[in-house]
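Geometric and topological summary
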Amino acid sequence: QVQLVESGGGLVQAGDSLRLSCAASGRTFSNYAMGWFRQAPGKEREFVAAINWSGGNTYYAASVKERFTISRDNAKNTVFLQMNSLKPEDTAVYYCTQNVASKSSATTVVSGQKYWGQGTQVTVSS
């Protein structure tokens, strides 16, 4: 059974950094593309970042490019989202995802079938 558990969210000031973590279990981690999405109150859920199976290729939403970095540690079954230069508009619940299909590219995370974590709250004050 696939489980995704996010951690690392919290309350920070604009300009600060946070690193989110997502621990995955249930399947061979390195075989699956991983991603991050977020949802702010009253807003639609939106794509943030993705990394292909095994690692090496990434894909980002324009709003976070050059500020956020997605990475994975396959030995630890963990995907990370390093968030720098945080802005109040980054405030949202952040969700970790894992593609259902194996060995796919980063771009397939955007619209492909995937498993979801429970989310972790990130709040950025001005």
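Summarised in this report is the structure supplied together with it. (Residues numbered from 1 in each chain as written. Predicted model: local features only at pLDDT ≥ 70, side-chain atom pairs only at ≥ 80, totals over all residues. Heavy atoms only, no water.)

**Details of the environment of Arg 72**
Note that Arg 72 resides in strand β7 (residues 68–73). A relative accessible area of 14% means that Arg 72 is categorised as buried. Separated by 36 residues in the primary sequence, Arg 72 and Thr 108 have C-alpha atoms spaced 17 Å apart. For Arg 72, the contacting residues outside a window of four places in its chain are Phe 29, Ser 30, Tyr 32, Ala 33, Met 34, Ile 51, Asn 52, Trp 53, Ser 54, Gly 55, Thr 78 and Val 79. Of note is the side chain of Arg 72, whose polar atom sits 2.9 Å from the backbone oxygen of Tyr 32. Within the structure, Arg 72 has its side chain in polar contact with the backbone oxygen of Asn 52 (distance 2.8 Å). (Helix = DSSP H or I, 4+ residues; strand = E, 2+ residues; numbered from the N terminus. Buried < 20%, exposed > 50% of the residue type's maximum accessible area, 1.4 Å probe, protein only. Contact = heavy atoms within 4.5 Å. Polar contact = N/O pair within 3.5 Å; in protein donor to acceptor, adjacent residues only side chain to side chain.)

**Overview of the state of the cysteines**
This model, assessed by the stated rule, comprises one disulfide. A sulfur-sulfur distance of 2.1 Å marks the disulfide that ties Cys 22 to Cys 96. What sets the handedness of the Cys 22 and Cys 96 disulfide is the S-S torsion sign, and at about -75° it is left-handed. One end of the pair, Cys 22, is in strand β3 (residues 18–25); the other, Cys 96, is in strand β9 (residues 92–99), and 74 residues separate them in sequence. Look at Cys 22 and you get buried, because its relative accessible area is 0%. With a relative accessible area of 0%, Cys 96 lands in the buried category. (Disulfide = S-S within 2.5 Å.)

**Some details on the environment of Met 83**
By secondary structure assignment, the location of Met 83 is in strand β8 (residues 78–83). The sequence separation of Met 83 and Ala 14 amounts to 69 residues, and the corresponding C-alpha distance is 11 Å. Met 83 has contacts with Asp 16, Ser 17, Leu 18, Leu 20, Arg 67, Phe 68, Tyr 94 and Val 122, leaving out every residue within four places of it along the chain.

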